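A structural walkthrough
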Amino acid sequence: MIQMKSKLNVIDNSGAIVAECIKVLKNARWASVGDEIVVAVKKARPVSDSTSSSLSAAKIRKGDVRRAVIVRTKKEIRRPDGRYVRFDDNACVLLNNQQQPLGTRILGLVSAELRYKNWVKVVSLAPRVI
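Please read all numbers here as calculations on a predicted model, not as lab measurements. (Residues numbered from 1 in each chain as written. Predicted model: local features only at pLDDT ≥ 70, side-chain atom pairs only at ≥ 80, totals over all residues. Heavy atoms only, no water.)

1. Looking at the pattern of salt bridges
According to the stated counting rule, one finds ten salt bridges in the structure shown. Glu20 serves as the salt-bridge partner of Lys7, at 3.6 Å between the closest nitrogen and oxygen. With Lys7 in strand E1 (residues 7-10) and Glu20 in strand E2 (residues 16-24), this residue pair connects regions lying 13 residues apart in the sequence. One salt bridge in this structure joins Glu76 and Arg86, with 3.8 Å as the shortest N-O distance. Placement of Glu76 in the loop between strand E4 (65-72) and strand E5 (77-78) and of Arg86 in the loop between strand E6 (84-85) and strand E7 (91-95) is noted, with a sequence separation of ten residues between them. For Glu76, a relative accessible area of 33% corresponds to the partly exposed category. A single network of salt bridges, built from pairs that share partners, joins Lys5, Lys7 and Glu20. (Salt bridge = Lys/Arg side-chain N within 4 Å of Asp/Glu carboxyl O. Helix = DSSP H or I, 4+ residues; strand = E, 2+ residues; numbered from the N terminus. Buried < 20%, exposed > 50% of the residue type's maximum accessible area, 1.4 Å probe, protein only.)

In structure tokens form, the structure reads like this:
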């Protein structure tokens, strides 16, 4: 369960490392895997002026406000067959204005619930879906 002020790891190559949830984009107090949230970037990779011409990492700086989709949560998720799945951390992937991932790679595993919530592009970029 992700609520306001929750910290999440950013697992794409957009340049952000840690983000903080500042708004849940559904009428609820908390969000789960596959839900869209608004985050503020708290920690980002440093960007030099010489590499900022064409890389996607140049788009993200500390303090940026972006939308993101949650891909992993520490709170367990119940599957229809009765199993529970939980992860070691909370993680998200940053999105652009067209609801597509901002980075070109995803650097960790994601939950299979994303496929059922129509985040097919995120699932296709992930190296492993659990």
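2. Quick look at the nonpolar core
With 17 residues, the main nonpolar core has Leu8, Ile37 and Leu94 as its most contacted residues. Elements that contribute at least two residues to this core include exactly E1, E2, strand E3 (36-44), E4 and E7. The dominant element in this core, judged by the number of residues it contributes, is E2, at four residues. Counting residues in hydrophobic clusters, the runner-up holds 15 residues, among them Val71, Ala91, Val93 and Leu114. (Core = buried A, V, L, I, M, F, W, Y, C linked by side-chain atoms within 4.5 Å.)

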